[in-house]
Amino acid sequence: VFFQDIPHSKTYKITPDGKLVTLPINAKNASGTAFSTDGKRYVAAGGTKQIISYDATEKETIVADSISGNDLVVANNGNVYVTSPDGTEKPSKLFLIRPNGKKVVVDEGIKFANGLALTPDQTQLYVTESASKWVWIYSITADGTLVNKQRYGWLHVPDDAGNAWSDGIKCDTAGRVYVASRLGIQVLDQLGRVNAIIPIPGGQASNCCFGGADFNILYVSSIDKIYRRKLKVRGANPFETPYKPKTPNL
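Residues numbered from 1 in each chain as written. Predicted model: local features only at pLDDT ≥ 70, side-chain atom pairs only at ≥ 80, totals over all residues. Heavy atoms only, no water.

What follows is about the overall build of the protein chain. Assigned secondary structure in the protein chain consists of zero helices and 22 strands. Taking 250 residues into account, the globule formula puts the C-alpha radius of gyration at 18 Å, and the protein chain, at 17 Å, falls close to it. For the C-alpha atoms alone, the extent of the protein chain along its principal axes is close to 45 × 40 × 35 Å. The 250 residues of the protein chain split such that 50% are buried. Long-range contacts, defined as pairs at least 24 residues apart, comprise 39% of the intrachain contacts of the protein chain with a sequence gap of at least 6. Accessible surface for the protein chain amounts to roughly 12,000 Å². Of this, 51% is attributable to carbon and sulfur atoms. A gap of 2 Å separates the mean positions of the 29 positive and 23 negative side-chain charges of the protein chain. (Helix = DSSP H or I, 4+ residues; strand = E, 2+ residues; numbered from the N terminus. Rg over C-alpha atoms; globule rule 2.2 N^0.38 Å. Buried < 20%, exposed > 50% of the residue type's maximum accessible area, 1.4 Å probe, protein only. Contact = heavy atoms within 4.5 Å. Areas by Shrake-Rupley, 256 points an atom, 1.4 Å probe, with all protein chains shown as cover. Lys, Arg positive; Asp, Glu negative; His and termini not counted. Charge placed at Lys NZ, Arg CZ, Asp CG, Glu CD.)

See below:
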């Protein structure tokens, strides 16, 4: 499990035995991390406005330049999707970076597009809209572009807030969706209904991911702390072979 410390431009790795290790690299104010099928770690480096990949020796390769990315996900076929917000009032952009490095804007308009995740079968893409209560979903076409944009799920908000400030997002193998928000981790079913909220001691959750040998430990970042909780589910990894979950219960 990897986490970025944006103010200090550091990258931390949590080992299988739970120890926190600081990597000897300049994270360049990276704010998103994802892995590809070949084991490389991709980051959205805000400090240099680049998408960078790192191999097992931490050797870096610039994947794309001149892109102000916030978060990213790498599909099994090598396509990289990146959110690029520009404040809460201006429309955000979603980028597709093809394996050959070509950048394509595949959507505009979401107010502060933040986290994003692929469905387990990688036919659809979820995107969180921080400045609202919504999570959006798109269909992915054969060439990687996006169609059928629609609202997927409505998130709960605190009584004194106007938005859920949804951030990182992940899926499990059953197709449930885990969204970091002001209230903690909101768990939605395949139909977009919030089934549960996992509270975080610090309140606002900024990101989440599944780790551990069986990918059944949920790690959550919140302000200056990282929490973990073992669940009775398994996280869905984009770098694994895509598969379709069971039909949801209505």
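So that's the structure; there's more coming.
Strands in a sheet are paired, the pairing made by backbone hydrogen bonds, and the direction either parallel or antiparallel. The strand order across the open sheet built from four strands is 16-17-18-19, with neighbouring strands paired in antiparallel fashion. Every interior strand has two partners, whereas the edge strands, strand 16 (169–171) and strand 19 (194–198), have only one. Across this sheet, the average inter-strand angle for adjacent strands is 20 degrees, counted without regard to direction. (Pairing = 2+ DSSP bridges. Axes fitted to C-alpha atoms, helices over the stretch in contact; angles between N-to-C directions.)

Turning our attention to the pattern of salt bridges. One pass over the structure, following the stated rule, counts eight salt bridges. The salt bridge partner of Glu60 is Lys28, with a shortest N-O separation of 3.0 Å. With Glu60 in strand 7 (residues 60–65) and Lys28 in the loop between strand 3 (20–22) and strand 4 (30–35), the pair connects residues that are 32 residues apart, well separated along the chain. The partner of Glu58 in a salt bridge is Arg41, with the nearest N and O atoms 2.7 Å apart. Pair noted here: Glu58 is in the loop between strand 6 (50–54) and strand 7 and Arg41 is in strand 5 (residues 41–45), with a separation of 17 residues, a long-range link. Using a relative accessible area of 22% as the deciding quantity, one classes Glu58 as partly exposed. Of the residues examined, Arg41 reaches a relative accessible area of 2% and is grouped as buried. (Salt bridge = Lys/Arg side-chain N within 4 Å of Asp/Glu carboxyl O.)

Let us now look at unusual backbone geometry. At Gln122, a position not held by glycine, the phi torsion is positive, near 60 degrees. Tracing the backbone through its elements, the reader meets Gln122 in the loop between strand 12 (113–118) and strand 13 (124–129). Phi at Asn148 is positive, roughly 55 degrees, even though this residue is not glycine. Tracing the chain through its elements places Asn148 in strand 15 (residues 146–154).

Which parts of space are left empty comes out when a probe the size of a water molecule is rolled across the atoms. In this structure, the second largest pocket spans a volume of roughly 290 Å³. What lines the second largest pocket is a set of 17 residues, and nearest its centre among them are Thr119, Gln124, Tyr126, Gln190 and Lys244. Those elements giving two or more residues to the lining of the second largest pocket turn out to be strand 13 and strand 15. Per element, the largest residue contribution to the lining of the second largest pocket is three residues, and it comes from strand 15. For the lining of the second largest pocket, a count of residues per class yields seven nonpolar, six polar and four charged. (1 Å grid on protein atoms, 1.4 Å probe; cavity = no way out; pocket = protein on both sides within 12 Å on 5 of 7 lines; lining within 4 Å. Points joined across faces, edges and corners; volume = space filled by probe spheres on them. Nonpolar A, V, L, I, M, F, W, Y, C, P; charged D, E, K, R; others polar.)

Before going further, it helps to examine the pairing of strand 22 (residues 225–230). Two strands pair when backbone bridges link them, and strand 21 (residues 217–222) and strand 22 are joined in this way by six bridges, in the antiparallel orientation. Bridged to Val220 within strand 22 is Tyr227. Taken together, strand 21 and the strand that follows it, strand 22, pair antiparallel across an intervening segment of two residues, in which Ile223 is found at a positive phi of about 55 degrees.

Take the nonpolar core next. Ranked by internal contacts, the top residues of the largest apolar core, which has 17 residues, are Tyr81, Leu94, Leu125, Val127, Tyr138 and Leu146. Contributions of two or more residues to this core are made by strand 10 (91–97), strand 11 (103–111), strand 12, strand 13 and strand 14 (134–140). What Tyr138 contacts, discounting residues up to four positions off in sequence, is Leu94, Asp107, Ile110, Thr123, Gln124, Leu125, Val127, Leu146, Val147, Asn148 and Lys149. Formed by 14 residues, the second largest nonpolar core is a distinct cluster that contains Ile137, Leu155, Ala164 and Val177. (Core = buried A, V, L, I, M, F, W, Y, C linked by side-chain atoms within 4.5 Å.)

On to the sheet that holds strand 13, then. The strand order across the open sheet formed by four strands is 12-13-14-15, and the pairing between neighbours is antiparallel. The outermost strands of the open sheet, each flanked by one partner alone, are strand 12 and strand 15. With direction set aside, neighbouring strand axes in the sheet form an average angle of 25 degrees.

Enumeration over the complete set of coordinates arrives at four aromatic pairs. For the ring pair Tyr178 and Phe210, a centre distance of 5.2 Å and an interplane angle of 90 degrees mean the geometry is edge-to-face. With a gap of 32 residues between them, Tyr178 in strand 17 (residues 177–181) and Phe210 in strand 20 (residues 207–211) connect regions that are remote in the sequence. The exposure classification of Tyr178 matches that of Phe210, with both residues buried. For Arg41, the ring lying beneath its charged end belongs to Tyr54, and the centroid distance is 4.7 Å. (Phe/Tyr/Trp six-rings, centres within 6.5 Å; stacked < 30°, edge-to-face > 60°. Lys NZ or Arg CZ within 6 Å of the ring centre and 35° of its normal.)

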